[in-house]
Structure formats: C-alpha cells, structure tokens
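Descriptive analysis of the structure
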Amino acid sequence: MNADINTAPQAVPQAQDQPVDAVLLAQQARRRRARLRFSIAAFAAVFSIGWLAQTMLAPEMPKPVLSAKPAPPHAAIQTQWAGLAPMQRSHASDMLVSGDSLAALLARAGINAVEADAALDALRNEFDPRRLKVGQKVRIFTEWPAGAAADTDAARFAGFDFIPEPRQRLIVRRTSHLGFEVVKQVRPLSERFFFTDTLVSSSVYEAARGSGMSPNLVVELIRLFSFSIDFQRDMREGDQLEVLYTRRFDDNNQLAEEGDIVFAALTNRGKRYAYWRLAHDDGSNGYYDDEGRSVSRLLMRTPVDGARLSSRFGMRRHPILGYTRLHRGLDFAAPRGTPIYAAGNGTIEALGRNGDYGRYIRIRHRNGYATAYAHMSRYARRLKKGSEVRQGQVIGYVGASGLATGPHLHYEVLRHKKPVNPRDINVPPQHALEEAGLEKLRNAQTAIGARINALATNDNRLRSLPRRNLSTVQNR
Ligand SMILES: [Zn+2]
C-alpha cells in the first residue's frame, strides 16, 4: 500500500511532471513510427508502382498506335483558313481514253499520288468512278494564293469535276490539307426546238443526218417509220422528210443532251405518213397519226435497223429480192452485224440452224401470225425457244449463214403457218385514241403546228436553226 502510496504520490508528481514528456515522447515515438510506416509504405508504393510500371506498363508503351488518318479538320480553323487565304483557280481539261481510269488521268495531269488518292477516296463515297465511260471529260483545278503568280510553290491541286449525266455535275474539291469533299450540282437544262424539212436524195438516214440530227435520234426516227414503211423497197428520190425535235442546253449554251422527236412526217411516193407525239397521263409517250391511231402496228414493215440498210435507190446490182412464188419472203441487204428486230410482240417458237436458212428464228404472234428471220450471223444473248420478245427488241444480227450470197436478212411472214407477202398484209394499228385522247391530240397538233410555223419562217426553210427565243418554252 505504502509503496503504492509512495509510489503513487511519486508517481503522481512524476505523472504530473513527466506525463507531458511521456506523452510527448509517446507522441514523438508514434510520429516516428508513423513516419517510418509512411516512408516504408510510400517507398513500397513508389517501388511497387515503379515495378508495376516496368513490368506491366512498359511493355504496353508502344501500343498507342499513331493514326494514319489526319485529324478531321476543325470547322473553325477551316473557315479561318479559307477566310485568310483567298485563292485563285485555273483548270485544265482531259478526257478518258480507252483503257483509262480517273486515277490514271490525274496522274497524267501531274497530280501528287497521295492527293489524288485522297480526292478519289472522297469521290468513291458518292460515285463509282468505274461508271465513267471513254470520252468522259474531266476538269482538273489548280489553286494558289490570290496575288501570287500561278507558278508559285504554293500552287496546289484543288480538285476536279465532271458531268456524269446531263443534269448533274459532280465536284470534288479540297477542303483542307488532305481533305476533299464531293458536291453534287444540279444542272438546269432548257429545251429548244429544231425543225428539219428536207428532200430525201439518197436515204432517210443521210437526209436526217445531213440536216443536223444526231445519229441516235435518226435511228429513232427510222424506227418510228419502220412500222409502216419498208425502207429497203419503198423509198424514192424526192420523198420528203419533216421533223420537229428538241435538244437540251445548259446555262452556257452548250448542248447537254438530245431531246425527242415531237413530230415527224415522211411523204413517201406521194403518201404522207405524219405522226405527233402525245404525252400520256402515266408519263409515257406515244406517236399518233391524224386520226388518233398509234404508229405501232402488229408487225413492223422493216424489222431491221433501217439506218444501216444498204439501200440506195435502184440498188439493182445487189439482189434485193421481192416476194414471189419461189421466194416466199423479203430480203433486206445490210452490213453483217446490223441489228434485227422482233417485228412484233410474241414468243420464240424456233431458234437454231435450219438448213439453207442458216441461223434462224421464228416468232409466234397474235391473230395467227408468225414471222421468221434467216441467215443471221448470231442470235441476241439469252434468247431461246419459248422466250417472250417485245416488238423492236433485238433478236439477232444480220449475216450470211446458210445459203446466202451476201449478208442480208431474209424475212418471212406466215399466217396460220402459210407464207404470205409481208407487203400485202395490212395489220391494223395497235390501238386508237378515245375521245379524251383525241382532244389532247388536237391540242398537241395546234401547238406543234404553231411552233413549226415559227421555225419555218426563217429565210431558209430547209435549214434547221436553234431559236433562242423559244429556249425557255417547255415542250408540252
Ligand atoms: Zn430471201
């Protein structure tokens, strides 16, 4: 107890004197220990992190791959850049030749391959350059800072443009260092009317071409009359041709595309065949005579591309055979390879070699009619017995297979399996207009007549002239 008492009082002052120290010492010791623990922990942590970094992160370091693509241009930077650098441009034109490509064309123009690739990549998102055909014009643009000379080092490829179809222009233009964008521009076209009034002196083809009509439109013109005219035998010197047709021009007065035949008349041996184009409510077009009968008949009189018939007047030296008791068909002399048309809608009932006929096709039509075509050089692809064909569809090509002295089409018409003279049959038109259609036809005739009169009051009636003042008048 004493000890307890002694120690206790001693302890108390000690405790009173020294508790501070003891507490301080204890606190200091705790702090030292804490510092040590912290140091150890920190050291361990730093060491661990270092070790981890070395063992785990270090091998990963090369992983962040650098993008091969440049960062997308910032809109703000782009505008600023554009604003700060007004550029001057010039262009050079080139054309795709056989076996050519847009890439080759750009390389030919000296465009850096990386820049050309970037421009072509942009284009491919909107348009497949492989769709471009031989003869396609391309303009290649160069730009340089305004005020500098065109041959400055700062001059660079600015893009290119082309017209893939008459009503559209595609522009590939530079927007940044290797950035290109594609802009599709609509080309507004205006239609102008042309009138031809000419005498046929050698062939309809030559007369129409000579007056300025395009080859494609002439083929259409001849097709139009092929229902009613035998272009091998019917044409005579002095026959007269009248055609009203359109062409479409761009804003620069450049011909953008051929238009349509609006009216056509052929006066053949005194008989006038005249047809007016009529737009139907469903958007299709048809050609009708003055009485509203459609130009198309059950069978065509010239079931071959009449533009290529080797017909001149009096081709006496070439045996162009007519229909006789011994020759039960009509011959059309034309160069080898001339397209042969199905004379009417129908089904192929024979296709193959047929003795003296050579390569032969026979088509069954309505009303007991059939037509046969002989001496072909080849058939149109994918045709076989049982195939359905449409009138005017190409079924084969002129040749001299079988017993033939030269390339020609031997054409037969059969009625209930008996040969008949194609020139004797008078098949009615496919259809005729009803009352409402007739009224539309009369209106169309009036409008077309007025236009022809306006065009024909030119000094030279035989010349086909564009009329600028009519260019804004749209065809009905
Ligand atoms: Zn024959």
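Criteria and cut-off values
- Residues numbered from 1 in each chain as written.
- Predicted model: local features only at pLDDT ≥ 70, side-chain atom pairs only at ≥ 80, totals over all residues.
- Helix = DSSP H or I, 4+ residues; strand = E, 2+ residues; numbered from the N terminus.
- Buried ≥ 20, exposed ≤ 12 C-beta atoms within 10 Å, placed from the backbone.
- Contact = placed C-beta atoms within 7 Å.
- Pairing = 2+ DSSP bridges.
- Axes fitted to C-alpha atoms, helices over the stretch in contact; angles between N-to-C directions.
- Expected span 1.5 Å × (residues − 1).
- Arc of directions from axis to C-beta.
- Core = buried A, V, L, I, M, F, W, Y, C linked by C-beta atoms within 7 Å.
- Domains from an automatic or database assignment.
- pLDDT = per-residue confidence, 0-100.

**Overview of the overall build of the chain**
Scanning the chain from N- to C-terminus turns up seven helices and 19 strands. Burial status across the chain gives 27% buried among its 476 residues. Taking the contacts inside the chain whose residues are at least 6 apart along the sequence as the reference set, 64% of them involve residues at least 24 apart.

**Details of the sheet that holds strand S8 (residues 255-268)**
The five strands lie next to each other as S6-S7-S8-S9-S10, forming an open sheet whose pairing is antiparallel. Lying at the two open borders of the sheet, with one neighbouring strand each, are strand S6 (190-199) and strand S10 (285-288). Within the sheet, the average angular offset between the axes of one strand and its neighbour, ignoring direction, is 25°. When strand S7 (residues 240-249) meets S8, the two strands line up antiparallel, connected through nine bridges. Bridged to Leu244 within S8 is Phe263. Of the strands in this sheet, S7, S8, strand S9 (271-279) and S10 touch helix H6 (residues 215-225), which is tilted by about 30° from S8.

**Focus on helix H4 (residues 113-124)**
Count 3.6 residues to each turn of an α-helix, and residues three or four apart come out pointing the same way. With 12 residues, H4 should cover 16 Å at 1.5 Å per step; its first-to-last C-alpha distance of 16 Å lies within 8% of that length. When we look at burial in H4, the residues that qualify are Ala116, Ala118, Ala119, Ala122 and Leu123. Viewed along the axis of H4, the buried residues span an arc of 160°, placing them on a single side of the element. Those residues of H4 that are exposed and angled more than 90 degrees off the buried face are Ala113, Val114 and Asp121. Packed against the buried residues of H4 are helix H3 (102-108), strand S3 (156-165), strand S4 (168-174) and strand S5 (180-186).

**As for the nonpolar core**
Judged by nonpolar contacts, the single largest core of 67 residues is most densely connected at Val204, Ala208, Leu221, Val243, Ile340 and Tyr373. Considering each element in turn, this core owes the most residues, seven residues, to strand S15 (residues 369-379). Both of domain 2 (189-297 + 428-476) and domain 3 (315-427) provide at least three residues apiece to this core. In terms of nonpolar packing, the next biggest core, distinct from the first, is built from 17 residues, Ile140, Phe157, Phe160 and Phe180 among them.

**A word on the environment of Val243**
Mapped onto the elements, Val243 comes out in strand S7. Residues Val243 and Phe195 lie 48 residues apart in sequence; the distance between their C-alpha atoms is 5.7 Å. Once you skip the residues sitting within four places of it in the chain, Val243 turns out to touch Thr196, Ala208, Met213, Leu221, Ile261 and Ala264.

**Brief notes about the pairing of S15**
Of all 11 residues making up S15, nine are buried, and the element is well covered by its neighbours. Direction of pairing for strand S14 (residues 359-364) relative to S15: antiparallel, over a ladder of five bridges. For Ile363, the partnering residue across the bridge sits in S15 and is Thr371. The hairpin turn running from S14 into S15, its antiparallel successor, is four residues long, and Asn367 in that turn takes a positive phi close to 60°. With six bridges connecting them, S15 and strand S18 (residues 408-415) associate as antiparallel partners. Opposite Thr371, over in S18, you have Val413 as the bridge partner.

**Quick look at the sheet that holds strand S2 (residues 137-145)**
Read from one edge of the open sheet, five strands run S1-S2-S3-S4-S5, paired in antiparallel fashion. The open sheet has two edge strands with one neighbour each: strand S1 (87-95) and S5. Going from strand to strand, the sheet's axes swing by 20° on average, the running direction of each strand aside. Strand direction decides the pairing type here: S3 and S4, joined by five bridges, are antiparallel. The residue bridging Glu165 from the neighbouring strand is Gln168, located in S4. Running at roughly 50° to S5, H4 makes contact with S3, S4 and S5 of the sheet.

**Brief notes about the confidence of the model for the chain**
Taken over all residues, the pLDDT of the chain has a mean of 81, while the share at 70 or more is 76%. Across residues 1-20 the pLDDT falls below 50, and counting only partners more than four positions away or on other chains, this stretch makes zero contacts in the model. Here residues 459-476 is a poorly scored stretch, pLDDT under 50, and it has 28 contacts once near neighbours within four places are set aside; other chains count.

**Let's talk about unusual backbone geometry**
The residue Asn253 is not glycine, and still its phi comes out positive at about 65°. With respect to the element layout, Asn253 can be found in the loop between S7 and S8. The residue His375 is not glycine, and still its phi comes out positive at about 70°. Topologically, His375 is positioned in strand S15.

**A few points about the pairing of S8**
Note on strand geometry: in a regular strand, side chains alternate between the two faces of the sheet. Between S7 and S8, which pair antiparallel and follow one another directly, the connecting turn spans five residues, one of which, Asn253, has a positive phi of 65°. Pairing between S8 and S9: six bridges, direction antiparallel. In the sheet register, Leu266 faces S9, and the bridge partner there is Tyr273.

**Re H6**
When H6 is considered as a whole, its buried residues turn out to be Leu217, Val218, Leu221, Ile222, Leu224 and Phe225. Projection of H6 onto a plane perpendicular to its axis shows the buried side chains occupying an angular sector of 155°, all on one side. Exposed and facing more than 90 degrees away from the buried side of H6 are Pro215 and Asn216. Contacts from the buried residues of H6 go to helix H5 (204-210), S7, S8, S9 and S10.

**Brief notes about the environment of Arg223**
Topologically, Arg223 is positioned in helix H6. For Arg223, a count of 18 C-beta atoms within 10 Å corresponds to the partly exposed category. Separated by 83 residues in sequence, Arg223 and Gly306 have C-alpha atoms that sit 7.3 Å apart.

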